[in-house]
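Here is how the chains run, residue by residue.
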Amino acid sequence: MRKLILAVFATILIALGVFTVFSLVNNNIETMIGTLLVVASLVVVLWCFSLQQKVRLSWGTVVLVLVVVLLLSSTTMAYANVEPFVNAKDNLLAKSGSSDKSLISSVKGIVPAIPAPRPSGTFTAHKTGIKASATFRGDILEIDDEMTGRKVFVYQISEDGETIQCTNVITGEVTTLKFNYLMDYGIVIIDDVEYYRQ
């Protein structure tokens, strides 16, 4: 029974590794993080196979593998921008102080610049009665506005996190807009328009 459970865990981890590779190909996850998650999945799969070779396998070991599988799965989903995992990740990073700009400014010049936190997921805004949304996936920003329609951009946030450079994927037009991401509150401000996390 326990060995069967380990085989199920191994299957889940293989599927998780394939999902991570798919996310890497579609730029839904950062390359370094995605690579680390794929390697971690592979290591735990090999661990499951090695545990299956044991004659006696305790329930404690099975529970430990379950915890590792759950942690690895939720981390992968969070960095691949799957809700609600991404929201939990943002809240955890906010509580740990990773979004604190004073920390970023205190280390400038000492170590390489720390990139501003990147939003992920969908945020909505109501400007003068018109509904609009901004969806962040990897380095893609999709803005859907009832007045102007849907536009897709490749975006880059400045190191200080105060501007966002958007390149229209159809026209190639590049615009730089004021930007602020209040990760603690789930608010993105683009060119003075406030978008709230859904």
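Everything that follows concerns the structure shown earlier in this document.
Criteria and thresholds
Residues numbered from 1 in each chain as written. Predicted model: local features only at pLDDT ≥ 70, side-chain atom pairs only at ≥ 80, totals over all residues. Heavy atoms only, no water. Helix = DSSP H or I, 4+ residues; strand = E, 2+ residues; numbered from the N terminus. Buried < 20%, exposed > 50% of the residue type's maximum accessible area, 1.4 Å probe, protein only. Contact = heavy atoms within 4.5 Å. Core = buried A, V, L, I, M, F, W, Y, C linked by side-chain atoms within 4.5 Å. Expected span 1.5 Å × (residues − 1). Pairing = 2+ DSSP bridges. Phe/Tyr/Trp six-rings, centres within 6.5 Å; stacked < 30°, edge-to-face > 60°.

> Run through the overall build of the protein, naming residues and quoting values.
Looking only at helices and strands, the protein features five helices and eight strands. Put simply, the protein runs from its N terminus to its C terminus through helices and strands in the order α-α-α-α-α-β-β-β-β-β-β-β-β. A burial count over the protein gives 36% of its 198 residues as buried. Contacts in the protein between residues at least 24 apart in sequence constitute 47% of all its contacts with a sequence separation of at least 6.

> Run through unusual backbone geometry, naming residues and quoting values.
The phi dihedral of Asp191 is positive, around 50°, even though this residue is not glycine. Judged by its relative accessible area of 40%, Asp191 falls in the partly exposed class. Here the phi dihedral of Asp192 falls at roughly 70°; this positive angle occurs in a residue that is not glycine. Relative to the elements of secondary structure, Asp192 occurs in the loop between strand S7 (187-190) and strand S8 (193-197). Relative accessible area serves as the criterion here: at 57%, Asp192 is assigned to the exposed category.

> Describe the nonpolar core, and please don't skip the residues or the numbers.
If you look at the biggest cluster of nonpolar residues, it comprises 19 residues, and the most contacted ones within it are Phe136, Leu141, Ile164, Phe179, Val188, Ile190 and Tyr195. If you list the elements that add at least two residues to this core, you get strand S1 (121-127), strand S2 (130-137), strand S3 (140-145), strand S4 (149-157), strand S5 (163-168), strand S6 (174-182), S7 and S8. Residues Ile5, Leu13, Leu16 and Val65 belong to the second largest nonpolar core, which totals 18 residues.

> Before we move on, could you go through helix H3 (residues 59-79) and cite the residues and values that matter?
With 21 residues, H3 extends 30 Å from end C-alpha to end C-alpha; this agrees with the ideal 30 Å at 1.5 Å per step. For H3, the complete set of buried residues consists of Val62, Val65, Val69, Leu72, Ser73, Thr76 and Ala78.

> Could you give me a rundown of the pairing of S7, with the residues and numbers involved?
Where a strand is regular, its side chains alternate between the two sheet faces. A two-sided burial pattern is seen for S7, the buried positions comprising Ile187 and Ile189 on one face and Val188 and Ile190 on the other. Sheet topology note: the S6/S7 ladder contains four bridges and is antiparallel. Bridge pairing links Tyr181 to Val188 in S7. In sequence, S6 turns back onto S7 through a hairpin of four residues, with Gly186 there showing a positive phi of about 65°. As paired strands, S7 and S8 are joined by four bridges and run antiparallel to one another. Within S8, the residue paired with Ile189 across the bridge is Glu194. The hairpin formed by S7 and S8 contains two residues between the paired strands, and Asp191 there has a positive phi angle of roughly 50°.

> Requested: an account of the packing of aromatic side chains, with residues and values cited.
With the rule as written, the count across this model stands at three aromatic pairs. For the ring pair Phe123 and Phe136, a centre distance of 5.9 Å and an interplane angle of 85° mean the geometry is edge-to-face. Residue Phe123 is located in strand S1, and its partner Phe136 is located in strand S2; the two are separated by 13 residues in the primary sequence. Relative to Tyr181, the ring of Phe123 lies with its centre 6.3 Å away and its plane at 90°, an arrangement referred to as edge-to-face. With a gap of 58 residues between them, Phe123 in strand S1 and Tyr181 in strand S6 connect regions that are remote in the sequence. Exposure class is identical for Phe123 and Tyr181. Each is buried. One aromatic cluster is present, formed by Phe123, Phe136, Tyr155 and Tyr181 through successive ring pairs.

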